Every structure is written in C-alpha cells, then in structure tokens.
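# Tertiary structure, described
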Amino acid sequence: AASWCAGTVPRMLAPIAGPPEEREFHGKKIYSITTGVPAAEGEEGAVAVPSTSQTLSFAASGDYVALSTDAATLEEYLRSSGTPAKPLRDFTGLAQAAQKIGGMETGLFTFENQKASYEVLWKAVKADPELFQQGLFMLFPKIGGDEEGMKEWLDFSLLPDFSAVAKYFGFAVMSGGTTPEGFFIRAYGPTPSTLK
C-alpha cells in the first residue's frame with residue numbers, strides 16, 4: 001500500500017513542490033509531500049489570497065493508509081497501530097442506523113464519526129481563530145469586505161472547550177446507488193446517545 005501511495009497520491013495533488021520525502025518511524029515508512037497554492041490577486045474590493053504551502057504525510061499500516069498534514073498526529077497513529085482497533089461493524093448503533101438508509105450493500109456507504117471529526121476542527125479554529133477565515137478566503141477569493149470587520153463577526157477564540165458541546169455530536173451514515181429512474185442518496189444521523 002505504501003508503494004502505491006508514494007506513486008499515486010502525489011499525482012492526485014497539484015501543484016507538488018518536488019518528489020516525496022521518505023523516512024522511517026517505528027518500522028514504517030512515512031512519505032511526505034509539500035503542496036503549494038500560489039497567491040491569487042483580489043479584484044477591487046475583494047480580498048487577495050496569500051501564497052500557502054502545506055506538507056502532507058502519509059504511511060501504510062495494516063490494511064489502512066493514514067494521511068495527515070500534522071506529522072505528530074500521524075506518528076501517534078503509527079505508535080498505536082500495534083493495538084488492534086475495534087472493527088467498525090462493532091460501532092454501537094451502526095447496524096441500526098445503516099438499516100434506516102437501506103443497508104450497507106447499495107453500492108455506496110459512508111460512515112462519519114462526527115464527534116471525532118468536529119473535535120479536531122473545533123480545537124484547531126479555537127487555537128488559531130484566523131484558520132477558518134483563511135480557508136474561507138481560499139475557497140471564495142472574491143469575497144469582498146473588511147477582514148477586521150469579519151473578525152468582529154466570527155471570533156472563534158470565544159468558543160468553549162469542546163468537552164462542553166461534545167454531547168451534541170454523534171455519527172452519521174450515508175448510502176447511495178442507482179435505479180432505473182436515476183441516482184439516489186440517503187443520509188441519517190441518529191440522536192447521540194449522550195442526549196438520550
């Protein structure tokens with residue numbers, strides 16, 4: 001899997017600043033690539049997007065390939081990969097949720113642990129309130145307005161610790177497939193068990 005990633009992932013991401021770097025960690029090979037986004041000039045009254053670069057690291061472990069822009073997170077995953085993970089099929093409530101959307105055999109099935117996903121995002125924007133703002137400008141570079149004025153509307157440093165809101169997050173599943181009439185998607189997010 002690692003050799004597939006070393007050749008395939010860089011071709012999927014562009015622009016890439018050179019070939020992947022390779023290093024060993026706990027007997028696993030970690031590959032790292034640096035991607036760059038050139039600066040975008042803003043039109044009159046719009047915000048210019050600064051040049052950015054980011055390093056994506058990835059490694060194969062067992063049946064999975066882990067990708068992260070934070071090397072420490074990837075290393076922590078590789079350290080803990082010796083401990084067998086609980087199979088996803090044993091996730092509490094997954095089987096019942098899957099039945100609500102037609103099962104897992106429709107052709108497309110996704111699972112998201114929203115509690116885990118949003119905790120990472122929550123902590124990131126709380127620690128660096130401008131992170132969301134920079135991402136917004138990169139997605140929509142022609143957004144006009146005063147950057148300082150936007151900070152008054154969106155001050156993520158005021159967010160409480162994630163532990164104060166964690167009970168509102170659970171998981172979600174989605175299925176999709178085709179019929180003679182077309183394509184369908186069904187999604188379902190059960191009420192988190194911490195709110196029952």
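Residues numbered from 1 in each chain as written. Predicted model: local features only at pLDDT ≥ 70, side-chain atom pairs only at ≥ 80, totals over all residues. Heavy atoms only, no water.

### Notes on the overall build of the chain
Using the following cut-off: Secondary structure elements are taken from DSSP: a helix is a run of H or I of four residues or more, a strand is a run of E of two residues or more, and numbering for both begins at the N terminus. Any two residues whose heavy atoms approach within 4.5 Å are treated as being in contact.
Scanning the chain for helices and strands turns up 6 helices and 7 strands. Ordered by position from N to C terminus, the α and β elements of the chain give α-β-β-β-β-α-α-β-α-α-α-β-β. Counting contacts in the chain only where the partners sit at least 6 residues apart, residues at least 24 apart contribute 51% of the total.

### Brief notes about helix H2 (residues 71-80)
Heads up, the condition is: For every residue, the accessible area obtained with a 1.4 Å probe (protein chains only) is divided by the maximum for its type, and the residue is called buried under 20%, exposed over 50%, and partly exposed between those limits. Comment: arc refers to directions from the helix axis out to C-beta atoms.
Listed as buried for H2 are Leu-74, Glu-75 and Leu-78. All buried residues of H2 lie within an arc of 100° about the axis, which places them on one face of the element.

### Regarding the packing of aromatic side chains
The geometry of two aromatic rings is summed up by the distance between their centres and the angle between their planes. To keep it simple, the criterion reads: For Phe, Tyr and Trp, rings pair up if their centres lie within 6.5 Å, where Trp contributes its six-membered ring, and each pair is then called stacked (planes under 30 degrees apart), edge-to-face (over 60) or tilted (otherwise).
The final tally for this structure, using the stated rule, is 7 aromatic pairs. Ring geometry for Trp-122 against Phe-162: centres 5.8 Å apart, planes inclined by 70°, an arrangement best described as edge-to-face. Of this pair, Trp-122 sits in helix H4 (residues 114-127) while Phe-162 sits in the loop between helix H6 (147-153) and strand S6 (172-179), and the two are 40 residues apart along the sequence. One exposure class covers both Trp-122 and Phe-162, and it is buried. A connected cluster of aromatic rings, assembled from ring pairs, spans Tyr-118, Trp-122, Phe-162 and Phe-169.

### Description of the nonpolar core
Selection criterion: The set of buried Ala, Val, Leu, Ile, Met, Phe, Trp, Tyr and Cys residues whose side-chain atoms join them within 4.5 Å is what this entry labels a nonpolar core.
Counting 6 residues, the largest nonpolar core consists of Phe-25, Ile-30, Ala-59, Ala-66, Leu-74 and Leu-78. Ignoring any residue separated from it by four or fewer positions in sequence, one finds Leu-78 in contact with Phe-25, Lys-28, Ile-30, Ala-59 and Ser-61.

### Here's the deal with the sheet that holds strand S7 (residues 182-188)
Short version of the rule: Think of it this way: DSSP has to see at least two bridges between two strands before they count as a pair. Axes, fitted as lines to C-alpha atoms, cover a helix only where it is in contact. Angles between the N-to-C directions of the axes lie from 0 to 180 degrees.
Strand order in the open sheet formed by 3 strands is S5-S6-S7, and the pairing between neighbours is antiparallel. Edge strands, defined here as strands with exactly one partner in the open sheet, are strand S5 (108-112) and S7. Recorded for the sheet is a direction-independent mean angle of 15° between the axes of neighbouring strands. Summarising the sheet, S5 and S6 pair through 5 bridges and their orientation is antiparallel. Bridging across to S6, Phe-109 finds its partner in Ser-175.

### Considering the side chain of Ser-175
Worth spelling out the cut-off: N or O atoms within 3.5 Å of each other form a polar contact, as long as, within protein, one can give a hydrogen and the other can take it, and as long as residues adjacent in sequence are counted only when both atoms are side-chain atoms.
Of note, Ser-175 is situated in strand S6. The buried category is assigned to Ser-175, whose relative accessible area is 0%. Looking at Ser-175, its side chain comes within polar contact range of the main-chain oxygen of Ile-101, at 2.6 Å. Look past the residues within four positions of Ser-175 in its chain and what remains in contact with it is Ile-101, Gly-103, Thr-106, Leu-108, Phe-109, Phe-184, Ile-185 and Arg-186.

### Quick word on the confidence of the model for the chain
Short version of the rule: The predictor reports its confidence for every residue as pLDDT, a score running from 0 up to 100.
With 70% of its residues at a pLDDT of at least 70, the chain reaches an overall mean of 78. The element-level mean pLDDT for the chain is lowest in helix H1 (residues 2-12), coming to 39, with helix H3 (residues 94-100) highest at 95. Here residues 1-14 scores under 50 on pLDDT; set against residues more than four positions off or in separate chains, the count is 20 contacts.

### Considerations on the pattern of salt bridges
Our working definition: Think of a salt bridge as a Lys or Arg side-chain nitrogen and an Asp or Glu carboxyl oxygen that are within 4 Å of each other.
This model, assessed by the stated rule, comprises 4 salt bridges. In this structure, Glu-22 and Lys-29 form a salt bridge, with 3.1 Å as the shortest nitrogen-oxygen distance. Here Lys-29 falls in the partly exposed class, since its relative accessible area comes to 37%. Lys-123 is the partner of Glu-119 in a salt bridge, and the nearest nitrogen-oxygen pair spans 2.9 Å. Separated by 4 residues within a single helix, Glu-119 and Lys-123 lie in helix H4, roughly one turn from each other. A residue is classified by how much of its surface remains accessible, and Lys-123, at 49% relative accessible area, is partly exposed.

### Considering unusual backbone geometry
Of note, His-26 is a non-glycine position whose phi angle comes to about 50°, a positive value. Here His-26 lies in the loop between strand S1 (21-25) and strand S2 (28-37). Assessed through its relative accessible area of 56%, His-26 is described here as exposed.

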